[in-house]
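Descriptive structure summary
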Amino acid sequence: MNDPQRYREAWEGYWEATSDAPGEAIWDSDPSLSAIPHSELLLPYADASLPVVDLGCGNGTQTRYLATRFAHAIGVDLSHAAIGHARRADTGGVAEFAQLDLTDGDAVRALHERIGDANVYMRAVIHQSEPEARPAVAAAVATLLGARGRAFVAELTPASKDVLRLAAQGPDGPPKKLRRVYEHGLKPADAAEEEVPDLLRAAGLTTLDSGDTALPQTEQLPDGTRIDLPARWFVLAVG
């Protein structure tokens, strides 16, 4: 795509065409499969009295869980339509949601100035960002952490492409939720194997812990098993 405006429009179009139904977005997995185990990996390193910022929060499913584990949870997303979904779903008002372009350094710094050092949760954002935008996304993580925050970042690996190809081999082609991703011009699993750790290091982030995992999706392979996309996770600090 390589066009920031078209990229924003692609995400707006995707979320505008998505209903408020839980799980309609292919990555909108239950927190028991995402934010809950991810929090268990992050919390040994993090100060839970600091706020947590969920980068690329989408409809806020994970953000609402994070609000139960940290002093305050803020979900941010490039898409205004996604933030609308998140606010409607947060009937208890447990979290804060705002539109934010992670490549807008001034806006990211303004958020850090408002809330202070924060923890960060970011699931599968770098891999689908435009290549030229990825360094800014990694830098946004570092800016929000400051000296005291810690981050949990999980990103798809290139092996996910093989799983997605398998998912598309059903008699009707890609399942509905995956087809919608492609129809809106979004590109999952687009980062090379070592690109993500290299970007994190270049942003001044130190890896405190890491490992292999899979990101569960809300769609199935042709044989009926759940789509689980291979990924790597990192717990990070600045310095």
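What comes next concerns the included structure. Numbering of residues starts from 1 in every chain and runs along the sequence as written. Selection of residues for local features in this predicted model requires a pLDDT of at least 70, selection of side-chain atom pairs for listing and counting requires 80 or more, and totals for whole chains, interfaces and linings are taken over all residues. Side-chain calculation: all heavy atoms of the structure are included, whereas hydrogens and water are not.

Some points on empty space enclosed by the protein
The definitions used throughout rest on a 1 Å grid laid over the protein atoms alone, on which a cavity is an enclosed set of points accommodating a 1.4 Å probe that cannot get out and a pocket is an open set flanked by protein within 12 Å on both sides along at least five of seven lines; lining residues are those having an atom within 4 Å of a point. Grid points are joined across faces, edges and corners, and a volume is the space filled by probe spheres set on the points. Enumeration over the complete set of coordinates arrives at one cavity of 30 Å³ or more. Taken as a whole, the largest cavity spans an internal volume of roughly 50 Å³. Residue lining of the largest cavity: Glu-155, Leu-156, Thr-157, Pro-158, Ala-192, Glu-193, Val-196, Pro-197, Arg-232 and Phe-234, and that is the complete set. What counts as a helix is a DSSP run of H or I of at least four residues, what counts as a strand is a run of E of at least two, and both are numbered from the N terminus. Counting only elements with at least two residues in the lining of the largest cavity, the list comes to β5 (151-156), α9 (195-202) and β7 (226-238). Any residue outside Ala, Val, Leu, Ile, Met, Phe, Trp, Tyr, Cys, Pro, Asp, Glu, Lys and Arg is labelled polar, Gly included; the first ten of those are nonpolar and the last four are charged. Class assignment for the residues of the lining of the largest cavity results in six nonpolar, one polar and three charged.

A look at the pattern of salt bridges
Salt bridges are counted wherever a side-chain nitrogen of Lys or Arg sits within 4 Å of a carboxyl oxygen of Asp or Glu. Applying the stated criterion to the full structure yields 14 salt bridges. In this structure, Asp-198 engages Arg-201 in a salt bridge whose closest nitrogen and oxygen atoms are separated by 2.3 Å. Highlighted residues: Asp-198 and Arg-201, both in helix α9, separated by three residues, approximately one helical turn. Only protein chains enter the accessibility calculation, which uses a 1.4 Å probe; a residue is then buried when its area is under 20% of its type maximum, exposed when over 50%, and partly exposed in between. A relative accessible area of 52% means that Arg-201 is categorised as exposed. For the salt bridge of Asp-228 with Arg-226, the shortest nitrogen-to-oxygen distance reads 2.7 Å. For Asp-228, a relative accessible area of 29% corresponds to the partly exposed category. When salt bridges with common partners are traced through the structure, they connect Arg-134, Asp-190 and Glu-195 into a single cluster.

Considerations on the environment of Glu-155
Relative to the helices and strands, Glu-155 resides in strand β5. Residue Glu-155 is classed as buried on the basis of its relative accessible area of 1%. Put simply, Glu-155 and Ala-192 are 37 residues apart on the chain and 11 Å apart in space, counted from C-alpha to C-alpha. In this view, Glu-155 contacts Met-122, Ala-124, Val-125, Ile-126, His-127, Val-196, Ala-231 and Arg-232; residues no more than four positions away in its chain are not counted. Here the side chain of Glu-155 touches Ile-126 through a polar contact of 2.8 Å, landing on its backbone nitrogen. At a separation of 2.9 Å, a polar atom in the side chain of Glu-155 contacts the main-chain amide nitrogen of His-127. Between two residues, a contact is recorded if the distance between any of their heavy atoms is within 4.5 Å. For the purposes of these results, a polar contact is taken to be a pair of N or O atoms within 3.5 Å, where, inside protein, one atom must be able to donate a hydrogen and its partner to accept one; residues adjacent in sequence count only when each atom of the pair is a side-chain atom.

Describing the packing of aromatic side chains
Note on aromatic contacts: the rings of Phe and Tyr and the six-membered ring of Trp form a pair at centre separations within 6.5 Å, being stacked when their planes are under 30 degrees apart, edge-to-face when over 60 apart, and tilted otherwise. Taken as a whole, this structure holds seven aromatic pairs when the rule is applied. Seen in terms of ring centroids, Tyr-121 and Phe-152 are 5.9 Å apart; in terms of plane orientation they differ by 15°. Their pairing is stacked. Pair noted here: Tyr-121 is in strand β4 (residues 119-123) and Phe-152 is in strand β5, with a separation of 31 residues, a long-range link. In terms of burial, Tyr-121 and Phe-152 fall into one category: buried. By way of ring pairs, the aromatic residues Trp-11, Tyr-14, Trp-15 and Trp-27 are connected into one cluster.

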